[in-house]
Amino acid sequence: MKPQHFHTLLLELIDENPFAIRAVLKILEVQFTDAIPTLAVTIESTPRLLVNLLFIEEYCHTESQIKAVIVHEFLHVLLRHTEEQQRMTPARHLAFDAVINAIIH
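The structure contained in this document is the topic of the report that follows. (Residues numbered from 1 in each chain as written. Predicted model: local features only at pLDDT ≥ 70, side-chain atom pairs only at ≥ 80, totals over all residues. Heavy atoms only, no water.)

## Some details on the pairing of strand 3 (residues 48-51)
Part 1 of the argument: Where strand 1 (residues 29-32) and strand 3 come together, four bridges link them in parallel fashion. Bridge assignment links glutamate 29 to a residue of strand 3, and that residue is arginine 48.
Part 2 of the argument: As defined by bridge partners, strand 2 (residues 39-41) adjoins strand 3 across three bridges and the pair is classed as antiparallel. By the bridge assignment, alanine 40 is partnered in strand 3 with leucine 50.
Part 3 of the argument: Here strand 2 folds back onto strand 3, and the loop between the two strands holds six residues. (Pairing = 2+ DSSP bridges. Helix = DSSP H or I, 4+ residues; strand = E, 2+ residues; numbered from the N terminus.)

Encoded structure:
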């Protein structure tokens, strides 16, 4: 997947989902990197969306699946997980992910 295709899907998602725009207004930067294994949002006042395009190519077989993983990251922002002051423990992160995945499904 090329960065431009990812950005196109991101814009489509914003048009399709009114909640997405709230997250996008907080995330002002999309950074493509292989420093993370999947996708992530950073924990800071202006979170960045980190995207591993190789993960998307390998595990996301449709545009709907790509949008679902973007929505997953947006929900971290909307649920204010990116505003945590303390280091995220693996257990807490797993719990947040479980809640988000339940919302998506």
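## Describing unusual backbone geometry
Part 1 of the argument: If you check the backbone angles, arginine 80 has positive phi at about 70° while not being a glycine.
Part 2 of the argument: Note on placement: arginine 80 falls in the loop between helix 4 (63-78) and helix 5 (90-104).

## Some points on helix 1 (residues 3-16)
Part 1 of the argument: For helix 1, with 14 residues, the first-to-last C-alpha span of 20 Å sits near the 20 Å given by 1.5 Å per residue.
Part 2 of the argument: When helix 1 is considered as a whole, its buried residues turn out to be Phe6, Leu9, Leu10, Leu13 and Ile14. Looking down the long axis of helix 1, one finds its buried residues gathered within 145° of arc, a one-sided arrangement. Residues of helix 1 that are exposed and angled more than 90 degrees away from the buried face: Gln4, Leu11, Asp15 and Glu16.
Part 3 of the argument: On its buried face, helix 1 sits against helix 2 (18-26), strand 1, strand 2, strand 3, helix 3 (53-59) and helix 4. (Expected span 1.5 Å × (residues − 1). Buried < 20%, exposed > 50% of the residue type's maximum accessible area, 1.4 Å probe, protein only. Arc of directions from axis to C-beta. Contact = heavy atoms within 4.5 Å.)

## Things to note about the nonpolar core
Part 1 of the argument: Ranked by size, the top nonpolar core spans 24 residues in total, and within it Met1, Phe6, Val51, Ile56, Ile66, Ile70 and Phe74 carry the most contacts.
Part 2 of the argument: Residue assignment for this core shows that the elements contributing at least two residues are helix 1, helix 2, strand 2, strand 3, helix 3 and helix 4.
Part 3 of the argument: For this core, the element with the most residues is helix 4, which contributes six residues.
Part 4 of the argument: Apart from the residues lying within four places of it in its own chain, the contact partners of phenylalanine 6 are Met1, Val30, Phe32, Leu39, Leu49, Val51, Leu53, Ile56, Ile66 and Ile70. (Core = buried A, V, L, I, M, F, W, Y, C linked by side-chain atoms within 4.5 Å.)

## Here we look at the packing of helix 1 against helix 4
The relative placement of two packed helices is expressed as an angle between their axes plus a distance between the axes.
Part 1 of the argument: Contact pair helix 1 / helix 4: the axes reach a minimum separation of 10 Å and the direction vectors enclose 70°. The pairing of helix 1 with helix 4 is recorded here as roughly perpendicular in orientation. Residues His5, Phe6, Leu9, Leu10, Glu12, Leu13 and Glu16 of helix 1 pack against Glu63, Ile66, Lys67, Ile70, Val71 and Phe74 of helix 4.
Part 2 of the argument: Looking at the contact of helix 1 with helix 4 residue by residue, the classes come out as eight nonpolar, one polar and four charged. (Axes fitted to C-alpha atoms, helices over the stretch in contact; angles between N-to-C directions. Parallel < 35°, antiparallel > 145°, perpendicular 65-115°, else oblique. Nonpolar A, V, L, I, M, F, W, Y, C, P; charged D, E, K, R; others polar.)

## Some details on a nonpolar patch on the surface
Part 1 of the argument: Side chains of Leu79, Val99 and Ile103 sit close together on the surface and give an oily, nonpolar patch of about 250 Å² of accessible area.
Part 2 of the argument: Within the secondary structure, valine 99 is located in helix 5.
Part 3 of the argument: By relative accessible area, valine 99 is classed as partly exposed at 45%. (Patch = residues over 30% accessible without salt bridge, like charges linked within 9 Å, V, L, I, M, F, W, Y side chains within 5 Å. Areas by Shrake-Rupley, 256 points an atom, 1.4 Å probe, with all protein chains shown as cover. Salt bridge = Lys/Arg side-chain N within 4 Å of Asp/Glu carboxyl O.)

Worth remembering: the numbers are spatial, not functional.
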